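# Structure at a glance
Chain by chain, the residues:
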Amino acid sequence: MNSKKPRTEKQLIKKRKWSRFFRRIFITVVLVMLIVFGAVTGTTIAIVHNIVSDLEPINTENLYRLLDESSFIYYQNGDEWEVLEKIETPMYREIITYDEMPAVLQNAFVAIEDERFWNHSGIDIRRILGAGWTNYRTGSRQGASTINQQLAKNLFLSHEQTYTRKIQDMYYGIQMDQNLSKEKILETYLNTIYLGAGAYGVQAAAQVYFSKNVDQLTLAEAALLAGIPRNPSRYAPFITVREDQAVDEKLILQHLDNNYVTVIQPETIHRQRMVLRKMKELGWITTNQYNEAVDTELEELLNPGRQQHRDEIASYFADLVKRDVINLLQDWGHSLEEARHFLYAGGLHIHSTLDMEIQQVIERTFADPDAFPETMRDTEGNLLRDIHGNIQPQSAFVVMDYQSGAIRGISGGRMVTGRNVLNRALLPRQPGSAIKPLAVYTPAIDKGKTAASIIHDAPVYLDPQNPNRPWPRNWYQQGYFGNITLRDALQWSSNVATVKLLHEIGGSRQGAYDIMFEYLERLGITSLVKRNEPHTGMDGASYHDETFSTALGGMTLGISPLEMTAAYSVLANEGIYTEPYTFTHITDRQGNVLVERNASRERVVTPQTAYIMTDLMVHSITYGTGSRARLDPRNELIPVAGKTGTTSDQKDAWFVGYTPYYAAGLWIGNDRPEALSDGSGMAAELWQIMMTAIHEEKEAKEYREPKDIVTETICTSSGLLANRYCNRTRQELFILGTEPDSYCRIHRAPPPPVIPEEPEESEETADTEQESSESEENIEMNDHE
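A brief report on the enclosed structure follows.

Rules of the game
Residues numbered from 1 in each chain as written. Predicted model: local features only at pLDDT ≥ 70, side-chain atom pairs only at ≥ 80, totals over all residues. Heavy atoms only, no water. Axes fitted to C-alpha atoms, helices over the stretch in contact; angles between N-to-C directions. Helix = DSSP H or I, 4+ residues; strand = E, 2+ residues; numbered from the N terminus. Parallel < 35°, antiparallel > 145°, perpendicular 65-115°, else oblique. Left-handed = near helix turned anticlockwise from the far one by under 90°. Contact = heavy atoms within 4.5 Å. Core = buried A, V, L, I, M, F, W, Y, C linked by side-chain atoms within 4.5 Å. Buried < 20%, exposed > 50% of the residue type's maximum accessible area, 1.4 Å probe, protein only. Expected span 1.5 Å × (residues − 1). Polar contact = N/O pair within 3.5 Å; in protein donor to acceptor, adjacent residues only side chain to side chain.

## Examining the packing of helix H16 (residues 436–446) against helix H18 (residues 495–506)
Two numbers describe how H16 lies on H18: the axes approach to 9 Å, and their chain directions differ by 50 degrees. Considered as vectors, H16 and H18 are oriented oblique to each other. Between H16 and H18 lies a crossing whose hand is left-handed. Contacts between H16 and H18 involve Lys-436, Ala-439, Val-440, Tyr-441, Pro-443 and Ala-444 from the first element and Asn-495, Thr-498, Leu-501, Leu-502 and Ile-505 from the second.

## Some thoughts on the nonpolar core
If you look at soluble globular proteins, the nonpolar side chains tend to sit buried side by side. Formed by 98 residues in total, the largest nonpolar core has its most connected members in Ile-350 and Tyr-658. Counting residues per element, this core draws most heavily on helix H13 (residues 316–331), at nine residues. Not counting the four nearest positions on each side in its chain, Tyr-658 is found in contact with Tyr-568, Leu-571, Ala-572, Thr-614, Met-617, Pro-639, Val-640, Ala-641, Ala-663, Trp-687 and Tyr-703. Counting 56 residues, the second-largest nonpolar core is a separate cluster that includes Leu-151, Ala-220, Tyr-290 and Ala-293.

## Some points on helix H10 (residues 267–281)
Think of an α-helix as turning once every 3.6 residues; residues three or four places apart then point the same way. With 15 residues, H10 extends 21 Å from end C-alpha to end C-alpha; this agrees with the ideal 21 Å at 1.5 Å per step. Following H10 by one or two positions, Gly-283 has its phi on the positive side, about 80 degrees.

## Concerning the side chain of Thr-622
Along the chain, Thr-622 turns up in helix H22 (residues 607–623). A polar atom in the side chain of Thr-622 sits 2.8 Å from the backbone oxygen of Val-618. For Thr-622, the residues in contact, after removing those within four places along its chain, are Arg-630, Arg-634 and Asn-635.

## A look at the side chain of Glu-546
Mapped onto the elements of the fold, Glu-546 is located in the loop between strand E14 (542–543) and helix H20 (548–551). Of the polar contacts made by the side chain of Glu-546, one reaches the side chain of Gln-510; its length is 3.0 Å. A polar atom in the side chain of Glu-546 sits 2.9 Å from the backbone nitrogen of Arg-531. Apart from residues lying up to four places away in sequence, Glu-546 is in contact with Gln-510, Tyr-513, Phe-517, Val-529, Lys-530 and Arg-531.

## Overview of unusual backbone geometry
Apart from glycine, the bulk of residues carry a negative phi angle, and the bulk of peptide bonds sit in the trans form. Cis rather than trans, the peptide bond between Gln-392 and Pro-393 has omega equal to 0 degrees. Structurally, Pro-393 is set in the loop between helix H15 (356–366) and strand E9 (394–401). With omega at 0 degrees, the peptide bond leading from Trp-471 into Pro-472 counts as cis. By the secondary structure assignment, Pro-472 is in the loop between strand E11 (454–457) and strand E12 (482–485). Phi angles above zero are rare outside glycine, and Glu-574 is one such case at about 60 degrees. Within the chain, Asn-635 stands out as a residue other than glycine whose phi angle is a positive 55 degrees. Within the element layout of this structure, Asn-635 appears in the loop between H22 and strand E19 (641–646).

## Structural notes on the environment of Glu-521
Its location among the elements puts Glu-521 in helix H19 (residues 509–522). For Glu-521 and Ala-439, which are 82 residues apart along the polypeptide, the C-alpha to C-alpha distance reads 9.7 Å. Residue contacts for Glu-521: discarding those within four places in its chain leaves Leu-528 and Lys-530.

Rendered as structure tokens:
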């Protein structure tokens with residue numbers, strides 16, 4: 001039997017020393033932990049106190065007044081931003097009472113969103129700890145918000161993902177539990193929650209997705225709705241997108257107007273089954289009920305109803321701002337419903353590009369029937385309206401700051417009131433001759449032609465359907481001018497010279513069409529119709545724009561006034577295209593910038609090409625068809641560059657042009673095209689009236705001349721350098737390197753006088769004739785030099 005050797009005195013002393021050491025270490029660690037815990041706790045309490053002390057007390061008397069936060073559109077007035085429009089919400093919401101909400105619907109939402117809702121005091125500590133541990137282990141961001149907290153966020157707070165906001169909604173969650181019954185909290189929550197497709201609250205969602213009231217919902221339908229709030233853009237049964245954004249045609253549920261479709265989202269069904277499993281786990285449904293609900297296909301459940309959005313009465317400019325904001329949000333990946341939600345209920349503060357003084361000039365002019373001489377009246381002078389209640393002819397006008405792309409003023413119609421008004425500034429119409437500088441003359445100058453290039457204005461046969469008939473024909477009575485310069489061809493808007501010039505720079509028919517399309521698209525024109533993607537007309541025939549008619553303004557669809565103005569802005573802006581925009585930035589209610597609009601800029605032609613085109617069009621306004629648009633008699637103080645446009649049947653009248661300050665485009669015509677008696681002259685005159693008022697306080701200013709522009713004296717008959725015998729000369733501008741290097745050969749020295757013959761020629765006479773011949777030869781040599 002082994003016996004343990006007793007410890008010595010020395011060993012016992014050593015053991016006691018180590019025991020005291022470890023005891024001191026333990027006590028020190030505990031004290032440090034307590035101090036750290038106390039400091040952290042104190043700091044946390046102080047932080048929480050600071051966060052909640054700034055919160056406003058909640059008013060629970062009428063929570064529904066807090067549901068939406070309106071957005072605002074502003075315009076700049078000096079250094080201040082003034083409200084242009086308060087955007088009223090068109091969201092679909094229908095408030096119902098707690099008693100109208102079936103138990104199956106209440107249970108579905110409580111099961112998935114807050115299973116201990118009926119027992120906690122506003123926050124769920126157990127869920128917070130569980131979510132924290134899960135997030136620590138997995139690195140995920142699992143939420144732990146109760147229904148109280150979600151409601152507080154929707155009513156009182158923003159949707160930012162910060163710890164400050166979490167502390168705030170926890171505080172409000174507790175406050176709500178102390179001031180409201182559980183039933184009232186759940187009722188308000190189910191009436192306010194966003195459920196996708198523009199639907200707020202369960203009653204609206206039931207109508208949108210199933211075309212029924214909530215008291216008719218099945219278990220499968222209730223579970224589907226309950227799964228949406230976690231992420232409406234992902235779990236809504238369907239979303240509305242542009243047709244070209246639909247990835248899988250099999251998932252398209254409906255085709256809507258304006259090229260939109262509703263698309264089924266398959267992930268909805270996975271979320272719905274998660275809700276059903278949770279309800280079964282909590283014992284709120286049986287296995288048979290679960291199986292029956294799971295076996296129902298998503299397509300069987302959905303029966304979309306058309307929610308009615310209220311179309312607000314607003315200005316053309318404000319409508320365009322709202323359209324641009326929605327399009328921008330969609331480009332960032334949001335669905336149409338999400339974009340509308342942000343715009344109408346997101347509390348956005350949209351800072352627009354509107355110049356109120358310019359807009360007021362447009363509004364006053366468009367409200368004056370006498371500004372439009374062809375306004376239809378009855379025999380007693382009363383204004384006549386068409387079957388839609390509109391004055392005819394109608395008109396559209398756009399003013400842009402061409403350097404920035406900012407739209408400063410716009411009107412899409414005159415004397416129009418009512419909802420959902422038609423914005424004619426965005427609708428394509430036949431541009432007539434106003435397209436010539438864009439489709440033909442700009443490409444020609446950019447590819448090496450000059451303002452002095454000679455074009456033979458004579459009959460040409462370019463109509464493949466009628467090869468023996470001259471086409472096109474000119475509008476002027478003289479018929480044809482013969483050889484004319486490119487400058488004169490544009491000044492007199494020669495159809496023949498325009499088509500010949502395009503054919504020459506293209507080298508062939510197809511080459512001409514390709515060059516025309518290339519430049520028009522680079523200038524921002526989006527309504528061109530290609531041969532391989534034809535447009536089917538009401539007569540069933542196919543149409544496209546790969547024709548010479550397009551160069552003269554006869555198009556399949558046409559071009560909108562906004563796009564025409566933006567295209568002319570390229571020439572005003574030294575060859576740079578700047579995409580038109582209506583707002584500069586968007587902030588939230590605290591002034592934090594959410595969106596900063598950066599102008600999209602792209603060089604289309606060289607500054608030299610743009611300057612030559614500007615000079616050509618200034619010349620056309622000073623001496624040619626657009627003289628009524630001049631702001632001063634000689635077109636010198638604030639020179640106007642531009643072009644008139646009238647379709648061959650006189651149904652559309654245009655003037656598009658610019659000054660050193662602004663670009664502007666005006667269209668006049670009837671909604672149902674009918675001939676106008678005046679045409680482009682009326683458009684040029686009305687353009688001049690508005691632009692004179694807009695430039696009233698502006699100083700005289702010239703267009704900036706870029707480098708590498710040279711001036712030569714040319715003969716307008718030959719386009720070459722003028723000699724001393726040329727009787728039609730002009731100072732002409734050229735891009736360096738394109739100026740002519742030879743003299744005119746059309747105009748020469750006059751022939752020598754005829755000397756009568758004598759019976760016998762003397763030696764002296766022969767010598768004189770020889771001298772005369774030598775003198776003439778010397779003159780020709782001098783001319784060549």
